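Fold and geometry: a report
Residues per chain are reported as follows:
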Amino acid sequence: MGGPVVLGIESSCDETGVGIVRDGKLLAHVVASSMDEHARFGGVVPEIAARAHLHAFNPVVRRALDEAGLRLSGIDAVAVTTGPGLSGALQVGLAGAKTLAYAAGVPLYGVHHLAGHVAADTLEHGPLPEPCVVLIVSGGHTSLLLVRDLVREPILHLGDTRDDAAGECFDKVARILGLPYPGGPAIDRAARDGDPKAVVFPRPLTRPGDDPYAFSFSGLKTAAARWVEQHRLRGAEPSVADGAAALQEAVADVLTRKALAACRAYDVKTLVVVGGVAANSRVRALAERRCASAGIGLRVPPMTLCTDNGAMIAAVGDLLVRAGAEPAPLDVTIDPSAPLEYACLTPLPAASTRAA
Ligand code: KG4
Ligand code: ZN
């Protein structure tokens, strides 16, 4: 038999993801992406993303149920990303989630997108050790966290980015280098043929006296832009492969250096690296090498669970259900800029927010 079956829905950006989880085990994992529709604009167009979610929602839910061999009546709870993310995109996912929960007569849980990224790793590697240091690196966020019980305790931010996120830096520099969108995977591919030492890009906020856990990537983006510009002023084209390799090296160096410093300072034995940028081959390799030499265990989810998906939201929902968390009211709203404090995001219903 087993515990409750939780269906998770993710729609905060350009991926419509539906996952089904029971007792920490993945039963289904289906993602439809509108990435190709945004490529010619060089970034996600919110209105296109929202419409794509609307088209993808039913087929993706159906495929996930098929994959798990279940019908809607076999679902015991629905979890959905209610923030942060693109407003219209979140609205579509939440409306769909409410409909499913109402139709099935089961509780609904609002989940913080980034807590989903953290929980993604549990689907592959089991429960998180407590405490652990988590490095979240995505297109919109870069944070170093101290995580205890993910669904029962507040999440402690050791440091965050002061400007651009790591993924944003990859995406923007890729554009400058003339690489396609999304930039992160394109830089990763281009870097394979490059020399990471060909250019020495800065390592922001790594000097003595700097905040050891804060990040800043906008200066790195500017340095890369200036490097390209200097070549072009001389009438030369820079080596895209070298630029990509050097940028990737700088980002991976800063991320892993700070993450390991946090593990040492807090005497934590496990580092978890999650989010889209955790798919980067150099970030993974350097984290592995540095963790191994520091005697720290490293956990990184498999590639398909690093980028946005519904399974990670189902994973948080599963933990919430099993922790006896309070479900969201059916008039729960989205929170596009929700700060990461708790994994469960159940903002007050619109009416009571107004009355308060
Ligand atoms: O977590 P995610 O799928 O969506 C957000 O919540 O933002 O992360 C997307 C980000 C994008 O910036 C993308 O360029 C980056 O992750 N990314 C990568 C790689 N794969 C995805 N960055 C570097 N190397 C990769 N292989
Ligand atoms: Zn994400």
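Residues numbered from 1 in each chain as written. Chains lettered and ligands numbered in written order. Predicted model: local features only at pLDDT ≥ 70, side-chain atom pairs only at ≥ 80, totals over all residues. Heavy atoms only, no water.

In the annotation of an unreviewed UniProt entry, the protein is listed under the name tRNA N6-adenosine threonylcarbamoyltransferase and assigned to Streptomyces cirratus. In UniProt, the protein has this text filed under Sequence similarities (unreviewed entry): "Belongs to the KAE1 / TsaD family." Looking at the Catalytic activity (unreviewed entry) heading of the UniProt record, one finds this comment for the protein: "L-threonylcarbamoyladenylate + adenosine(37) in tRNA = N(6)-L-threonylcarbamoyladenosine(37) in tRNA + AMP + H(+)". (UniProt positions renumbered as here; feature names shortened; annotations may be inferred.)

1. Describing the coordination of the zinc ion (ligand 2)
Taken together, the protein ligands of the zinc ion (ligand 2) are H113 (NE2), H117 (NE2) and D308 (OD), with distances of 2.0 to 2.1 Å. Bound by 4 donor atoms, the zinc ion (ligand 2) shows angles of 93 to 141° at the metal and therefore irregular coordination geometry. Of note, the donors binding the zinc ion (ligand 2) are all from one chain and are spaced H-x3-H-x190-D. Separated by 191 residues along the polypeptide, H117 in helix α4 (residues 113-125) and D308 in the loop between α10 (303-306) and α11 (311-322) bring together distant segments of the chain. Here H117 matches D308 in class, with each residue buried. (Donors = N, O, S within 2.8 Å, 3.2 Å for Na, K, Ca; no water. Tetrahedral: all angles 85-135°; square planar, octahedral: opposite > 155°, others 65-115°. Helix = DSSP H or I, 4+ residues; strand = E, 2+ residues; numbered from the N terminus. Buried < 20%, exposed > 50% of the residue type's maximum accessible area, 1.4 Å probe, protein only.)

2. Examining the UniProt feature "binding site: substrate" (unreviewed entry) in the protein
In the UniProt entry, the feature "binding site: substrate" (unreviewed entry) is given for I136, V137, S138, G139, G140, D171, G184, D188 and N280. None of the other annotated residues line the largest pocket; only S138, G139, G140, D171, G184, D188 and N280 do. When you line up the elements, I136 lands in strand β6 (residues 132-137). We classify I136 as buried; its relative accessible area is 0%. In contact with I136, not counting residues within four places along its chain, are L114, V118, H141, T142, S143, L145, V274 and L340. One can find V137 in strand β6. You can call V137 buried: its relative accessible area is 0%. Ignoring any residue separated from it by four or fewer positions in sequence, one finds V137 in contact with T142, A166, L255, V273, V274, G275, G276, V277 and A278. (1 Å grid on protein atoms, 1.4 Å probe; cavity = no way out; pocket = protein on both sides within 12 Å on 5 of 7 lines; lining within 4 Å. Contact = heavy atoms within 4.5 Å.)

3. Quick notes on unusual backbone geometry
Cis peptide bonds are those with omega within 30 degrees of zero, and the linkage from G83 to P84 qualifies with -10°. The residue after E130, namely P131, is reached through a cis peptide bond having omega -5°. Relative to the helices and strands, P131 is located in the loop between α4 and β6. Positive phi outside glycine occurs at D267, with the angle close to 50°. With respect to the helices and strands, the residue D267 is situated in the loop between α8 (240-265) and β9 (270-274).

4. Comments concerning the UniProt feature "domain: Gcp-like" (unreviewed entry) in the protein
The positions UniProt marks with the feature "domain: Gcp-like" (unreviewed entry) are residues 25-314. Annotated as residues 25-314, this span is 49% helix and 16% strand, and its ends, taken at the C-alpha atoms, are 10 Å apart.

5. Points about helix α6 (residues 183-191)
Extensive coverage of α6 is indicated by the burial of 7 of its 9 residues. Listing the buried residues of α6 in full gives G183, G184, A186, I187, D188, A190 and A191. The secondary structure elements touched by the buried residues of α6 are α5 (166-176), α8 and α9 (281-294).

6. Section: the sheet that holds strand β3 (residues 25-33)
What the 5 strands build is an open sheet, ordered β3-β2-β1-β4-β5; its pairing is mixed. Each edge of the open sheet is held by one strand with a lone partner, namely β3 and β5 (108-112). Mean inter-strand twist for the sheet, computed between neighbouring axes without regard to direction, equals 20°. Examined bridge by bridge, strand β1 (residues 5-10) and strand β4 (residues 77-83) share 4 bridges and lie parallel to one another. By the bridge assignment, I9 is partnered in β4 with V80. Sheet contacts for helix α3 (residues 87-104): β1, β4 and β5; angle to β4, the most-contacted strand, approximately 160°. Along the sheet face, α4 touches β1, β2 (15-22), β3, β4 and β5 and points at about 95° away from the line of β5. (Pairing = 2+ DSSP bridges. Axes fitted to C-alpha atoms, helices over the stretch in contact; angles between N-to-C directions.)

7. Structural notes on the side chain of H231
Checked against the element boundaries, H231 lands in helix α7 (residues 218-233). For H231, a relative accessible area of 16% gives the class buried. Discounting chain neighbours no more than four positions away, the residues touching H231 are A236, E237 and P238.

8. Some thoughts on the pairing of β5
Across the 5 residues that make up β5, a large majority, 5, are buried. Going residue by residue along β5, you find L108, G110 and H112 tucked away on one face and Y109 and V111 tucked away on the opposite face as well. Inspection of the sheet shows β4 paired to β5 by 5 bridges, in the parallel sense. Of the residues in β5, the one forming a bridge with A79 is Y109. A crossover links β4 with its parallel partner β5, the connecting element being α3, and its sense is right-handed. (Right-handed = clockwise from strand over helix to strand, strands pointing away.)

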